[in-house]
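Observations on the model geometry
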Amino acid sequence: MIKKVPNPIDKHVGSRVRMRRMLAGISQEKLGDALGLTFQQVQKYEKGSNRISASRLQQIAKMLDVPVSFFFDGAPSGDVPAGGFADSAATTYISDFLATSEGVQLTKAFTRIKSGRVRRRIIDLVEALAEEDGERAPV
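Throughout what follows, the structure given in this document is the object of discussion. Remember, predicted model here, so these are calculated numbers, not experimental data.

Cut-off values and rules
Residues numbered from 1 in each chain as written. Predicted model: local features only at pLDDT ≥ 70, side-chain atom pairs only at ≥ 80, totals over all residues. Heavy atoms only, no water. Helix = DSSP H or I, 4+ residues; strand = E, 2+ residues; numbered from the N terminus. Buried < 20%, exposed > 50% of the residue type's maximum accessible area, 1.4 Å probe, protein only. Areas by Shrake-Rupley, 256 points an atom, 1.4 Å probe, with all protein chains shown as cover. Phe/Tyr/Trp six-rings, centres within 6.5 Å; stacked < 30°, edge-to-face > 60°. Lys NZ or Arg CZ within 6 Å of the ring centre and 35° of its normal. Patch = residues over 30% accessible without salt bridge, like charges linked within 9 Å, V, L, I, M, F, W, Y side chains within 5 Å. Salt bridge = Lys/Arg side-chain N within 4 Å of Asp/Glu carboxyl O. Contact = heavy atoms within 4.5 Å. Arc of directions from axis to C-beta. Polar contact = N/O pair within 3.5 Å; in protein donor to acceptor, adjacent residues only side chain to side chain.

Topic: the overall build of the protein chain
If you tally the helices and strands in the protein chain, you get seven helices and zero strands. Looking at the protein chain as a whole, 24% of its 139 residues are labelled buried. Counting only carbon and sulfur atoms, one obtains 57% of the accessible surface of the protein chain, whose full area is about 10200 Å².

With respect to the packing of aromatic side chains
One pass over the structure, following the stated rule, counts one aromatic pair. When the centroid spacing of 5.5 Å and the interplanar angle of 80° are considered together, the rings of Phe 70 and Phe 71 count as edge-to-face. A relative accessible area of 0% places Phe 71 in the buried class. When the ring centre of Phe 70 is taken as reference, the NZ or CZ atom of Arg 16 above it lies at 4.0 Å.

Quick word on a nonpolar patch on the surface
Taken together, the side chains of Ile 9, Val 68 and Phe 72 make up a nonpolar region of the molecular surface, amounting to roughly 220 Å² of accessible area. Within the secondary structure, Phe 72 sits in the loop between helix H4 (54-64) and helix H5 (88-98). With relative accessibility at 40%, the residue Phe 72 sits in the partly exposed group.

Concerning unusual backbone geometry
Residue Asp 65 is not a glycine yet carries a positive backbone phi of 60°. By the secondary structure assignment, Asp 65 is in the loop between H4 and H5. For Asp 65, a relative accessible area of 64% puts it in the exposed group.

Quick word on the pattern of salt bridges
For the coordinates displayed, the defined rule picks out six salt bridges. A salt bridge links Asp 10 to Arg 51, with the nearest nitrogen and oxygen atoms 2.6 Å apart. With Asp 10 in helix H1 (residues 8-23) and Arg 51 in the loop between helix H3 (39-47) and H4, this residue pair connects regions lying 41 residues apart in the sequence. For Arg 51, a relative accessible area of 58% corresponds to the exposed category.

Examining the side chain of Arg 21
Mapping Arg 21 onto the fold places it in helix H1. Residue Arg 21 is classed as buried on the basis of its relative accessible area of 6%. Once you skip the residues sitting within four places of it in the chain, Arg 21 turns out to touch Ile 26, Ser 27, Gln 28, Leu 31, Glu 46 and Leu 64.

A few points about H3
Of the residues making up H3, those classed as buried are Gln 41, Val 42, Tyr 45 and Glu 46. Around the axis of H3, the buried residues are gathered within 140° of arc, so they sit on the same side. Here the buried face of H3 lies against H1, helix H2 (28-35) and H4. One or two steps after H3, the chain reaches Gly 48, where phi turns positive at roughly 85°.

So, the side chain of Asp 10
By relative accessible area, Asp 10 is classed as buried at 18%. There is a polar contact of 2.6 Å between the side chain of Asp 10 and the side chain of Arg 51. When sequence neighbours within four positions are dropped, the list of residues in contact with Asp 10 reads Tyr 45, Gly 48 and Arg 51.

Quick look at the environment of Thr 111
Along the chain, the position of Thr 111 falls in helix H6 (residues 101-112). Looking at Thr 111, its side chain comes within polar contact range of the main-chain oxygen of Lys 108, at 3.0 Å.

This is the structure in structure tokens:
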């Protein structure tokens, strides 16, 4: 039996729903209740395995206090790059990370730091740790 692969745009929109929901501190169950859905349906939307209708997307946008266009920011266009390296893989990697609980926690904590100097030092620390980890990783 062939497993159906979610459309990349549906997956992207779902990941943006998840990211915004998590940033707002709303559970899948709470969002589902507000929309008249089960949390399982919200999970399917967030994974992209079920498409979100236009009217439902508008409801979600209103609940999460963002414009509908927010869910399409950085979405794959489906166009084939003309050649060379494209930023789309890096953009997808970043948005996938930001949709995780670790990404949301890190983003929330980082944005609460007021000092630009301290934020810069944290970035330097993380980059140094990543380089060190990269040197130890097997090839």
